[in-house]
Amino acid sequence: MKIGVLALQGAFIEHIHTLDKLGVMTTQVRKPTELEDLDGLIIPGGESTTMLNLANNFELFEPLRTVALHRLPIMGICAGMILLAKTVSNSDIKTLGLMDIKIRRNAFGRQKDSFETDLNITALGDKPFPGVFIRAPLIEDAGSNVEILNRLPEGTIVAVRQGNMLGISFHPELTDDTRMHEYFLKIISSNK
Ligand code: GLN
């Protein structure tokens, strides 16, 4: 199995470290040819506007859409989830438009409003998952084909799955807990 991590900007090294721990082969993706022969792709957190500009400059925008439309499993974290969303309610950025979700960027406030909280995510088992939220987006609305994996206590949706795509508001790669990555690996295995 080989997983690509989009490495234009943001927290990509941390995902490579997590996947190293899990014994999975990884490759950093900066050019269209590096999307070939992947079993899965992670779009990391960072700054969605910058990442989209770079994806356009590196001629990756259409190739990313193409591999997704060919059913490559993709996990989008934070800014990565924004890139996957069909709609962003408070920004006119042109996303990849792959998941039936409506996102609000920077929904919890500014950098200083970043926070950490335990999340109960049934798909990951009984033990709470450490949710690290950094200028995080939230999911305002999700299509009927989208599975809600987690909501904050007041109801805000922060983790979703649509087929073999995951959209996550928080940063599993910044914790020692590898269960979200393992869950993604299971999606990849059942995709074959
Ligand atoms: N605030 C960033 C954005 O809107 C996302 C932050 C993150 O990825 N941690 O792109």
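Described in the following lines is the structure provided in the data block. (Residues numbered from 1 in each chain as written. Predicted model: local features only at pLDDT ≥ 70, side-chain atom pairs only at ≥ 80, totals over all residues. Heavy atoms only, no water.)

## Topic: the pairing of strand β2 (residues 25-29)
Cut-off, in case you're wondering: A pair of strands counts as paired when DSSP detects no fewer than two bridges linking them. Secondary structure elements follow DSSP: runs of H or I no shorter than four residues count as helices, runs of E no shorter than two count as strands, and numbering proceeds from the N terminus. With the strands pointing away from the viewer, any crossover whose connection runs clockwise from the first strand over the helix to the second is right-handed.
Looking at chain direction, strand β1 (residues 2-6) and β2 are connected through 5 bridges and run parallel. Of the residues in β2, the one forming a bridge with Leu6 is Val29. You can see the chain leave β1, run along helix α1 (residues 12-21) and come back into β2, and the turn it takes is right-handed.

## Regarding the pairing of strand β3 (residues 40-43)
Applied cut-off: Note on exposure labels: buried denotes an accessible area under 20% of the residue type's maximum, exposed denotes more than 50%, and partly exposed covers the range between, all computed with a 1.4 Å probe on protein chains only.
Of the two faces of β3, both are covered, the one formed by Gly40 and Ile42 as well as the one formed by Leu41 and Ile43. Judged from the 3 bridges that link them, β1 and β3 form a sheet pairing that is parallel. Within β3, the residue paired with Gly4 across the bridge is Leu41. The pairing of β3 with strand β4 (residues 74-77) spans 3 bridges and is classified as parallel. Counterpart to Leu41 in the pairing with β4 is Ile74.

## Remarks on the site of the ligand
Put simply, the rule reads: Nearness is defined per residue: one heavy atom within 4 Å of the molecule or strand is enough. The definition of a polar contact used here is a pair of N or O atoms within 3.5 Å, where within protein one atom must be able to donate a hydrogen and the other to accept one, and adjacent residues in sequence count solely through side-chain atom pairs. The protein chains shown are the only cover counted for residues, whose accessible areas, like all others here, come from Shrake-Rupley with a 1.4 Å probe. Within this scheme a cavity is a closed region of a 1 Å grid, computed over the protein atoms alone, that accommodates a 1.4 Å probe without allowing it to escape, whereas a pocket is open but has protein on both sides within 12 Å along at least five of seven lines; lining residues each have an atom within 4 Å of a point. More than half of a molecule's atoms within 2 Å of the grid points is what it takes for that molecule to sit in a cavity or pocket.
Neighbouring residues of the ligand: Gly45, Gly46, Glu47, Ser48, Cys78, Ala79, Ile82, Arg105, Asn106, Ile134, Arg135 and His171. Here an oxygen atom of the ligand sits 3.0 Å away from a polar atom, N or O, in the main chain of Ala79. At 2.9 Å from a nitrogen atom of the ligand is found a side-chain nitrogen or oxygen belonging to His171. Within the complex, the protein chains bury 96% of what would otherwise be the 300 Å² of accessible surface of the ligand. Judged by the fraction of its atoms near the pocket grid, the ligand is located in the largest pocket.

## What about the nonpolar core?
To be explicit about the condition: Nonpolar cores are built from buried Ala, Val, Leu, Ile, Met, Phe, Trp, Tyr and Cys residues. Side-chain atoms within 4.5 Å join them into one set. The contact criterion used throughout is that any non-hydrogen atoms of two residues lie within 4.5 Å.
Counting residues in hydrophobic clusters, the biggest one holds 35 residues, and the most contacted among them are Leu6, Leu35, Leu41, Ile43, Leu60 and Ile101. Elements that contribute at least two residues to this core include exactly β3, α2 (48-57), α3 (61-69), α4 (79-84), β5 (85-88), β6 (99-104) and β11 (157-162). It is α4 that provides the largest number of residues to this core, a total of 5 residues. If sequence neighbours within four positions are ignored, Ile101 has contacts with Met81, Ala85, Lys86, Thr87, Ile139, Asp141, Ala142, Val146 and Val160. One finds Ile16, Ile42, Ala136 and Ala159 within the second-largest nonpolar core, a separate group that totals 30 residues.

## Examining the layout of surface pockets
For clarity, the cut-off: Grid points are joined across faces, edges and corners, and a volume is the space filled by probe spheres set on the points. All amino acids are sorted into three groups, where Ala, Val, Leu, Ile, Met, Phe, Trp, Tyr, Cys and Pro are nonpolar, Asp, Glu, Lys and Arg are charged, and the leftover types, Gly among them, are polar.
A volume near 160 Å³ is recorded for the largest pocket. What lines the largest pocket is a set of 14 residues, and nearest its centre among them are Gly46, Glu47, Cys78, Ile134 and Arg135. Looking at the lining of the largest pocket residue by residue, the classes come out as 5 nonpolar, 6 polar and 3 charged.

## A short note on the packing of aromatic side chains
What counts here: A pair of aromatic rings is counted whenever rings of Phe, Tyr or Trp (Trp by its six-membered ring) have centres within 6.5 Å, and the orientation is called stacked for planes under 30 degrees apart, edge-to-face for over 60 and tilted otherwise.
According to the stated counting rule, one finds 5 aromatic pairs in the structure shown. On the basis of an interplanar angle of 65° and a centroid distance of 5.3 Å, the ring pair of Phe108 and Phe115 is categorised as edge-to-face. On the accessibility criterion, Phe115 (27% relative accessible area) is partly exposed. For the ring pair Phe115 and Phe133, a centre distance of 4.6 Å and an interplane angle of 5° mean the geometry is stacked.

## Topic: unusual backbone geometry
Although it is not a glycine, Asp37 adopts a positive phi angle of roughly 60°. Looking at the secondary structure, you find Asp37 in the loop between β2 and β3. Non-glycine residue Cys78 carries a positive phi angle of around 55°. With respect to the helices and strands, the residue Cys78 is situated in the loop between β4 and α4.

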